[in-house]
Each structure stands twice: as structure tokens, then as C-alpha cells.
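A look at the structure
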Amino acid sequence: MEFFILSIFLSLIILSLTLAILIFGRPGEADPKLPPGSLGWPVMGETIEFLFGTPEKFVGDRMKKYSPDIFKTNILGEKTVVICGPNGHKFLFSNEQKYFTVFRPHPMQRLFRSYKTATSAAPPPAAAVAVDESKAIRQPGFLKPEALARFLGGMDTITQQQLKLHWEGKDEVKAFPLSKCVTLTLACRFFMGIDNPERIARLVGHFDDITLGMHSIISNVPGTIFYRANKAAAAIRKELLKVIKEKKADMAAGKPMQDILSHMIVVADPSGRFMPEVEIADKIMGLLVAGYSTVATTIAFLMKYVGEDAEIYEKIRSEQMKIVESKKPGELLDWEDVNKMRYSWNVICETMRLVPPLQGTFREALTEFTYAGYTVPKGWKVYWTVSTTNMNPKYFKNPKKFNPSRFDEGEAPPPYTYVPFGGGPRMCPGKEYARLAILSFVHNVVKKYKWEVLFPDEKITGDMMPTPEKGLPIRLHSQQLGHNKRSCKSTTTSSTVKRKTTAYIRNTSAMDIVRMAVYSQSNNAGSMPQGSKNQAQSSKAHMG
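Just so it is clear, the structure is predicted and the values come from calculations on it, not from any experiment.

Scanning the chain for helices and strands turns up 20 helices and 13 strands. Here the chain holds 544 residues, and the buried ones make up 54% of them. Put simply, the chain shows about 24,300 Å² of open surface, and 56% of that area lies on carbon and sulfur atoms.

This paragraph deals with helix α17 (residues 342–354). In a regular helix each residue adds 1.5 Å, so 13 residues correspond to 18 Å; α17 covers 19 Å between its end C-alpha atoms and thus fits that length. Of all 13 residues in α17, 12 are buried, a share of seventy percent or more. Within α17 the residues assigned to the buried category are Tyr343, Ser344, Trp345, Asn346, Val347, Ile348, Cys349, Glu350, Thr351, Met352, Arg353 and Leu354. Tucked into the core, α17 has its buried residues touching α14 (277–307), α15 (310–325) and α18 (431–448).

Our focus in this paragraph is the environment of lysine 57. You can see lysine 57 is positioned in helix α3 (residues 55–65). Once the C-alpha coordinates of lysine 57 and serine 387 are considered, the two residues, 330 residues apart in sequence, prove to be 8.7 Å apart.

Further remarks concern unusual backbone geometry. Of note in this structure, glutamine 97 is not a glycine but carries a positive phi near 65°. By the element assignment, glutamine 97 lies in the loop between α4 (85–94) and β3 (100–102). The class for glutamine 97 is partly exposed, based on a relative accessible area of 43%.

Attention shifts here to the sheet that holds strand β2 (residues 78–83). Pairing in this open sheet of 5 strands is mixed, and the strands run β1-β2-β8-β5-β3 from one edge to the other. One side of each edge strand has no neighbouring strand; the edge strands of this open sheet are β1 (70–75) and β3. The sheet shows a mean angle of 35° between the axes of neighbouring strands, taken without regard to direction. Alignment of strand β5 (residues 360–365) against strand β8 (residues 381–385), held across 5 bridges, turns out to be antiparallel. Counterpart to glycine 360 in the pairing with β8 is threonine 385. The strands touched by α3 within the sheet are β1 and β8, with β1 carrying the most contacts at an inclination of about 135°.

Basis of the calculations
- Residues numbered from 1 in each chain as written.
- Predicted model: local features only at pLDDT ≥ 70, side-chain atom pairs only at ≥ 80, totals over all residues.
- Heavy atoms only, no water.
- Helix = DSSP H or I, 4+ residues; strand = E, 2+ residues; numbered from the N terminus.
- Buried < 20%, exposed > 50% of the residue type's maximum accessible area, 1.4 Å probe, protein only.
- Areas by Shrake-Rupley, 256 points an atom, 1.4 Å probe, with all protein chains shown as cover.
- Expected span 1.5 Å × (residues − 1).
- Contact = heavy atoms within 4.5 Å.
- Pairing = 2+ DSSP bridges.
- Axes fitted to C-alpha atoms, helices over the stretch in contact; angles between N-to-C directions.

By themselves, these are just geometric observations and shouldn't be taken as functional.
And the structure:
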């Protein structure tokens, strides 16, 4: 449907543009100072090839044709240079805010900035926007390891509950839907403090649509990717506004603050301005999307690769069972346990190398700069992508083989060749969150199950969010511990005796990490409106 609509759209503009191309050419392509490359068709540029081809092919073909270091293109309505290879990664990560600032592609701006109206004042500089959108979680330290360590027990409990809810007593299941449910449940719990399974389940499909729409052609024609994404964003925004009102009512009633949403509600900026509800909704939606799609994809493909290799599964299980044996029955994971999961983390890293959770991100040139002998004008966009290194045999021997041992000590890839979370000051702030969420899942799934992939050659669709076409069906075999924790027995889940699991902790104290955020902002309380000031004081009183 998307291709059909796009073909109609293109047919309407190509004829009118062809004459202009023949007469005037393509401005800028012949400038010897610019990087080599093509700006493609007017208006559309090379967006079609970028969105509907594989990232490796789009980037790899142009690196071979133009330059292995840098090339120019035009994607998503912007003149863009792609900086390639480990040297390019290092150059970009080392020059944040000197040459580069973050840039959100126009589809993302439309989806996540509904609160910015046409009647607003002139938009702030891109750098100011980037700081504003990231400070909600960077400044208070919500995603620092010491803060996340307190939430680890909650991750462990939620994962146990999700496995029991969706897989217990079943012989065959689909792994991808569970990975999405687990991930979204964790994200909603961490960012908003809600754990209503039915409420969360209604949102899963909407988040899939938004993830695909973040890199798409802006078209509100029914049936297009962006149209579906826009409708999904509106539905999620509507639900989030309800959650915000409920959260404010709970805070006014004296309930404790336990999440990032509460922090956004009570904290004022230096001028005393509180964030409007629609802005909070959009920012929370952005955080949820970031914490959902990347983790869910990695979990799903880890299940695929491990399910296809019994030796790797046994190594993971051996490592995880040593942790089980060191703990008391019912005792939850802690930071020390996670630090013992070295091989399991190698498996996750190899999964992210073959199926990157993030293909790449955009930057904007703050000033004209020179790289690899070419000049990039101010205002041009810069795209970096893992596609220039992840599958390169120069950096990864036999790159198509799933081999977690390549990340062992002494065999680690060269610097800047493996950057699944970016690097420098703009490294993904959710890196540790993702690590803990995935390791918690790995610990619980291998502890309870062994599995086999039913369709090893299942077609994978999409590139921005790779999706197993059938949902990754697997056959489960439960791993049942005997009275002696060192002995185990494998049976199909249909004959599994029901086991007790740790009760779900709805009001875990893990999220009291918000206290440092509120205390750090306490000087702003004097400028709060009276109602908000009372809310903040009430919330502070209940955090001690």
C-alpha cells in the first residue's frame, strides 16, 4: 500500500521536475569541496532507497562508489553527509556541540512535538531543544547505574510475572509478542509507575506503528506508514494525558512519587514555569518508544540465535545457574549478580551487532567543518550508522556468523567499530537500563526454559524495527529444578508442575530514586503556584 501511494505521488511530481533538472541540473553536486555523492531527485532525494532498502546496502554501495570515509546524499528532506567507519565515529563523538548538535528528522518532530504550535514564538536553536528534551532523565540521574540498581529487583519480578502469564503451561509460543509485552511493561513501570497489564497491552500495536513512522515519508494519506504512526501517537497521547491527571490526583492525595513522570510534573524550570500536560505527554511518549523498540528487538533476536545453537544456550544456562545456586529461594537479582553475567552479555552484544537496535542517528552541523579533505556546510545534516562497521570483515572476522566469543577479553573489536549505543556526550542515556532489562530476561528465561526455533528461515521484515514475519514461533521445554538445586530435569511445559513465583511488587521502593531529583530542584519551590507547591511538598514528605 505504501509503495502504491508513493508511486502515485512520485508520478505527479516527476514530470514537472524533469525539465527543471535537465535545464538547471542539481545544485551543489559539482562543487569540488563537497563530499562525493548524489543528492538524488529534487524533493525526494534518495529517501526511497534509504527507507525501503537495507541500511547495509544503502551505505555500503555508496561507500564503494564514492568514498569509504564520507559521502553526500539527500534523505528525509535534508541535504545530508554520511560519515563512515571507526574514524568517522570517533570524529563525530569527539566533536559534539563543537561541530554537531542533535537533529530529529521531520517525521519524529511531527510525532513527538505536538505541543509546539504554529503560533508559538520562533523555535529555539537546535542545541537548546536537544538539551531541553534530554534533561528530564539526564540531569536527575534516573538512568545512572546506582539508581537503576535499585530497580533491578522490580525488573526481575516483572519478567517472572510476564513469563508466567504468557508462557506457563504452553508447548509452543511466539517469542516476539512476549518480548514486546515484557519491554513495554518495564518501560511503563519505570517511566510512569503504572503496571496495569490490560492498559499496557492495548498500547503495544500503537508503539509498533510509531516506531516505523519515525523514519518515513510525511504523508497523512490513509494507508501510509506516517498516517498510521500519527494516529497511533494521538491514541497514546490521549491515554498518557489520562495517566498524567491520575498521577496528579494521586500526588495530591499524598501518595509517594516513584517515577520520572512524577518528576516532570512537579519540577519547574529556572523561570518557575511548569511543563504543560501535553508537553509532558509527548516527552514521556518519546521515552517509552526509546525504551521499548530497541530492547524488544534485541530480546526477540537473542531468542532466535540462542534457540538455534544448543552450545551457546548451555553456556548461558551454566552461567545463570551458578547465580541461582548462590541465592536463597525467592531472592531477587542484585547488581553483583548482573556483573557475573559476562558471557550472557557477550551474547547480547553479538545479537546487537547482527541486528542493531539502533541503525543510526542524525546530527546537524553547527558550523562549516572539514573531514577527510571535504567541506560540509553549516546547517547540513550528518548521519552516522553502525552499518559502516558491524558487518565489515576488516573489523569482525566471519561477520555473518553468530559468535559471542568475539567479545571475550583480549578479542574485543577495535575502538569505535562496535557502537550500538552511540558514543561521546550523546551516548544513549538508556544503555544501562537496556542492559539490565535484557539480562534480567535472559536470567529468567534460561532458568525456566529451553527452546527451539520452529522456522529458522522465517522472513524478517523491516529495517528500522526488524520483525519476524510469523512472530518467531518456538517450542518450549521447561527446565525444572529438583530439591537439589544442582540437579535439573527437562520436560515439555504441558507436563510441568505449577510453581510458585515471587508476588508482583506493585509499590516497590526502587523508584524512590526520584528523591534526588526533587531535592535538587527544591529551590524552585518558592516560585511554584500554590497548588503545585503543595503537591511537591506532599510528595517530598512521603519519600522519606
